[in-house]
Amino acid sequence: MKTDTGQDVRLEDYRPTDFEIETVDLTFRLDPAQTRVTSRIALRRRSGTKADVPLVLDGDELNLVALKINDVAADNECFAATPSSLEIRDLPETEVFTLEIVTEIAPAENTKLMGLYRSNGVYCTQCEAEGFRRITYFLDRPDVLAVFTTCIEAPTNDAPLLLSNGNPGETGELGDGWHFAVWHDPHPKPSYLFALVAGDLAVVRDWFVTRSGKPVVLEIYVEHGKQIRANYAMDALKRAMSWDEERFGREYDLSVFMIVAVSDFNMGAMENKGLNIFNDKYVLADSDTATDADYANIEAIIAHEYFHNWTGNRITCRDWFQLCLKEGLTVYRDHEFSADMRSRPVKRIAEVRLLKAHQFPEDSGPLAHPVRPEHYSEINNFYTATVYEKGSEVVRMLATILGPTEFKAGLDLYFSRHDGDAATIEDFLKCFEDANQVKLTQFALWYRQAGTPVLTVSARFDGRARKLMLDIEQSAPATPGQPKKRPMHIPLRFGLIDADGAEIKTSDIEGIDVTGDVMHVKRRAHKIVISKVRKRPVISLNRSFSAPINIHFEQGTEDLFHLARFETDAYSRWQALNELALRGLIAATGAVRDDTDIVPDEALVSGIIASLEDGTLEPAMRAQAVLLPGEADIARELGNNIDPDAIFEARNGVLDIVAMTGADAFDKVADGFTPSGRYTPDAESAGKRALYLAALDYLSRISLPADALLPIFRSADNMTIMAGVLAILAHRFPETAAAETALAEFELRFRENPLVIDKWLQIQATIPGQATLARVKQLMGSNHFSIENPNRVRALIGSFSAGNPTGFNRADGAAFAFLAGLIIELDARNPQVAARILTSMRSWKSLEPVRQEKARTALVAISEQPSLSPDVRDITDRTLG
Ligand code: 0A1
Ligand code: ZN
């Protein structure tokens, strides 16, 4: 256990190390129970560091076997070793000296999956953020950059494959059935980017020639027999490599790029230099086992990790407070990549949905923190939607504010000025300032202030004077530790649409700076006058979601319908329809709680159906139009006193009405888009499948009973349709013979494929209603579940707690109590995953009082455990507030 338990680390306390590490020579003698790690490090005392300053290296659950200083065994008096640190006094007086540190670790017993561990018989590592210190004592922080050479020794039988970062070097036999391989990484890097893989894996090989003509061997390592399922990942990798050259001028810099898929992984994937390690869920795909969403995720994550080679590896972070420097920027890059590979507006809708579903609740609850936090007690808990997704939105806003050419100039300067550095957000912003002679002082607040800003807008049109008056006020809610906020620079894309649906050109705007179609909201209040507007326009605000904010604008439904029909920006058409639907769902929830009838807004219903039928729209867009806001969206909008059962009932009521009114249209779509021909994972085909499934989902409310869905499920020839129909069956007709039969057939067919079984677990965990808790408990007892595997835990427990509002928020609190028990059990094995799952309780204070009290009791039960990990302790304390 770490000794720095619960210690508050503060950004303001940052100071460089007293020593630098120039080179690291690692030798691993691999053994599941007793791996011996010999680390020779060449250190340099920084100028200004006094000779009597001790060297304190980080460790975590380490066991020191031997220590040499300048090749001489160290005297016991001159060092102190504990599992979490190695302090060396009486160092040589020379500026440069070497240490040789021998530690022993047990990869097979490493259940935290941080450091060196075993996954399905394969040795692998995860070192971000602080895993390297579980391998050897080191200055384990991102601003210590060293050149690594790694020698791996292992029994040839057990581990024919020996990989590490950089370029391959010498290999050979050692006798007694052992062999070795040496890897050298010429790029200085922080320890969190170190990686090692050893085992028996198959490889898929390809190549890429960079635009300056350098050949790169590409290798994806997977379990034997799964090679064919790595082809899509390889294709995505090659596309990402050329795209990064074209769009951002970034070329790859080693002769080999390797990806290894492992089945036990705490997160999605990891960008280790030259040797990315992936959760196999984000590598393996074929049409029988992967859905369209899986393909899209694989494409995005392969690209994300590859893009880190520049934004993260060549330029890394000075300290972990700067995590968004690499993550926000890299997410922005992968979003742009997917937008170019697929449909830009559909991708934007997906991004906004995700942001609102995960980041907005985080930003409005007890776990809210700035994109660049200023203190933390456990860094693992800061790999959040705020750092990643809002971090990406902040970069997007920078691009919007500056304009494409200026944004590119700033980014080019960043790449050239900071190549090889461990940089900060200030360094990043300075590049955009210097390249464009602008000041970004106010913009920088986006990194420092937590909470989703709110723009309150009112509009008045004076026909006589031909003036449109807009009053805009900005505010931001209080968040933990930040009661007051300063006004931020909010880039608000806007447009005015006339009665015929044409865009009104505006040239005469007072009260705010405008560039192109962007208003620069900077003050707390703006009184804006737009002149020369002949007729009353319909106002469209925050086009393409130019800023991650909430807008309070009492815009009439007529106007929203107008936008839903005529907005020229496709994303904004969806936004208008979605806003209307949300209003309808909120009204319906009120009706359910008041025990009155749900009165459908006819215009809304016909608007939804019109979008469904609109053949000029791409199918994916039509699917998005009928995919109404979810229960969580409604809850977020309501904000407090949430009764998930009422929301569920209301939403069902509205969907039933849409289904009945649009029965013919849904029938036509279901017929017209019935999949035929060979499956291909491209976005266009995926859009058609999404539309088909959306139609089936509606029809299942009226004319498509479970018995009719079963044959559709049985005849599906790809996983998208099969899992989609299975979910409709299980969720709409729970416990019917047809649903249970389909679930059983699915299990029988895929019982040997854990990634597919995850879908089976997830579908069941998200069956709405009280009864699901018992099912989850029963599934935990099945041989498909293992608390040791993070994917299984996320599929069953994570989907239940984060994706089943009625099942998880049972009024009797039984599911909260269940989760508390599980978190305590899981925490003892894998604190990082336990802490992450526990964040599903973050919005407990917005529940109605009875559920709220039950949730509090469960959180207190966790909190009262004496031996919680720092990870779970941190989340529990902050959640309880
Ligand atoms: N840097 C990775 C995310 C990551 C973070 C922590 C991990 O282990 C605790 C693993 C991966 C990324 O952004 O993809
Ligand atoms: Zn990342």
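A quick note: this is a predicted structure, and the numbers were derived from the prediction, not measured. (Residues numbered from 1 in each chain as written. Chains lettered and ligands numbered in written order. Predicted model: local features only at pLDDT ≥ 70, side-chain atom pairs only at ≥ 80, totals over all residues.)

A.B. asks: So what exactly am I meant to see when it comes to the overall build of the protein here?
C.D. replies: Along the backbone of the protein there are 27 helices and 34 strands. By principal-axis analysis of the C-alpha atoms, the protein measures approximately 90 × 65 × 60 Å. Going through the 881 residues of the protein one by one, you find that 50% of them count as buried. Contacts in the protein between residues at least 24 apart in sequence constitute 70% of all its contacts with a sequence separation of at least 6. (Helix = DSSP H or I, 4+ residues; strand = E, 2+ residues; numbered from the N terminus. Buried ≥ 20, exposed ≤ 12 C-beta atoms within 10 Å, placed from the backbone. Contact = placed C-beta atoms within 7 Å.)

A.B. asks: Is there a simple way to explain the site of ligand 1 in this structure?
C.D. replies: Close to ligand 1 lie 14 residues; Gln126, Glu128, Asn266, Met267 and Met270 are nearest. Elements with a contribution of two residues or more to the shell around ligand 1: β20 (269-270) and α2 (292-307). Residue composition of the shell around ligand 1, by class: four nonpolar, six polar and four charged. (Near = placed C-beta within 6 Å. Nonpolar A, V, L, I, M, F, W, Y, C, P; charged D, E, K, R; others polar.)

A.B. asks: Is there a simple way to think about the UniProt feature "domain: Peptidase M1 alanyl aminopeptidase Ig-like fold" (unreviewed entry) in the protein in this case?
C.D. replies: Per the UniProt record, "domain: Peptidase M1 alanyl aminopeptidase Ig-like fold" (unreviewed entry) is annotated on residues 451-553. The distance separating the terminal C-alpha atoms of residues 451-553 is 19 Å; by composition the span is 0% helix and 50% strand. (UniProt positions renumbered as here; feature names shortened; annotations may be inferred.)

A.B. asks: Would you explain the pairing of strand β3 (residues 35-45) in this entry?
C.D. replies: In regular strands, side chains alternate between the two faces of the sheet. By the alternation rule, side chains of β3 split into Thr35, Val37, Ser39, Ile41, Leu43 and Arg45, which are all buried, and Arg36, Thr38, Arg40, Ala42 and Arg44, of which none is buried. Bridge analysis of strand β2 (residues 19-29) against β3 gives ten bridges, and the strand direction is antiparallel. If you follow Asp25 over to β3, its bridge partner there is Arg40. Hairpin connection of β2 to β3: five residues between the antiparallel strands. As paired elements, β3 and strand β9 (residues 96-105) share ten bridges and run antiparallel to each other. (Pairing = 2+ DSSP bridges.)

A.B. asks: Looking at this structure, how should I read the environment of Asp559?
C.D. replies: As for its position among the elements, Asp559 is in helix α9 (residues 557-566). With 18 C-beta atoms counted inside 10 Å, the residue Asp559 sits in the partly exposed group. Counting along the chain gives 250 residues from Asp559 to Asn309, while the straight-line C-alpha distance between them is 46 Å.

A.B. asks: Even after reading the chapter, I still don't get the nonpolar core, so can you show me in this structure?
C.D. replies: Generally speaking, a soluble globular protein has its nonpolar side chains buried in company with each other. Residues Val197, Ala233, Val260, Val283, Ala695 and Leu729 are the most contacted members of the largest nonpolar core, which totals 256 residues. With ten residues, helix α16 (residues 683-699) is the largest single contributor of residues to this core. For Ala233, the residues in contact, after removing those within four places along its chain, are Ile220, Ile259, Val283, Ile298 and Ile302. (Core = buried A, V, L, I, M, F, W, Y, C linked by C-beta atoms within 7 Å.)

A.B. asks: Before we go on, may I ask you to explain the sheet that holds strand β7 (residues 79-82) in this structure?
C.D. replies: Hydrogen bonds between backbone groups are what pair the strands of a sheet, and the pairing can be parallel or antiparallel. One open sheet holds the three strands; their spatial order is β4-β8-β7, and the pairing between them is antiparallel. Looking along the sheet, the strands with just one partner apiece sit at the ends: β4 (55-58) and β7. Across the sheet, the mean angle from the axis of one strand to that of its neighbour is 10°, orientation sign disregarded. One ladder, built from four bridges, connects β4 with strand β8 (residues 85-88); its direction is antiparallel. Within β8, the residue paired with Asp58 across the bridge is Ser85. (Axes fitted to C-alpha atoms, helices over the stretch in contact; angles between N-to-C directions.)

A.B. asks: Is there a simple way to think about the UniProt feature "domain: Aminopeptidase N-like N-terminal" (unreviewed entry) in the protein in this case?
C.D. replies: Mapped onto this numbering, the UniProt entry gives "domain: Aminopeptidase N-like N-terminal" (unreviewed entry) at residues 25-193. Between the end C-alpha atoms of residues 25-193 the distance is 15 Å, and the span holds 0% helix and 54% strand.

A.B. asks: Got a minute to help me understand the packing of α9 against helix α10 (residues 570-593) in this structure?
C.D. replies: The geometry of α9 relative to α10 is characterised by a closest axis approach of 7 Å and an angle of 145° between their N-to-C directions. As α9 packs across α10, the resulting crossing turns out to be left-handed. Between α9 and α10, the contacting residues are Thr557, Leu560, Phe561, Leu563 and Ala564 on the first element and Ser572, Arg573, Ala576, Leu577, Glu579 and Leu580 on the second. Across the contact of α9 with α10, the residue classes break down as seven nonpolar, two polar and two charged. (Left-handed = near helix turned anticlockwise from the far one by under 90°.)

A.B. asks: In this structure, what is going on with the pairing of strand β19 (residues 256-262)? I would like to understand it.
C.D. replies: Where burial is concerned, most of β19 is hidden: six out of the seven residues are buried. One ladder, built from five bridges, connects strand β18 (residues 215-222) with β19; its direction is parallel. Across the sheet, Val217 pairs through a bridge with Val256, a residue of β19. Note on the crossover from β18 through helix α1 (residues 231-248) to β19: the handedness is left-handed. Relative to strand β21 (residues 275-279), β19 runs parallel, the two being bridged by five bridges. Bridging across to β21, Val262 finds its partner in Asn279. (Right-handed = clockwise from strand over helix to strand, strands pointing away.)

A.B. asks: Could you clarify how one ought to interpret unusual backbone geometry in this entry?
C.D. replies: In this chain, Glu128 is followed by Ala129 through a cis amide linkage whose omega measures 0°. Inspection of the secondary structure assignment puts Ala129 in the loop between β11 (122-126) and β12 (146-155). Even without glycine at this site, Asp595 takes up a positive phi of about 60°. Judged by C-beta crowding, with 6 C-beta atoms within 10 Å, Asp595 ranks as exposed.

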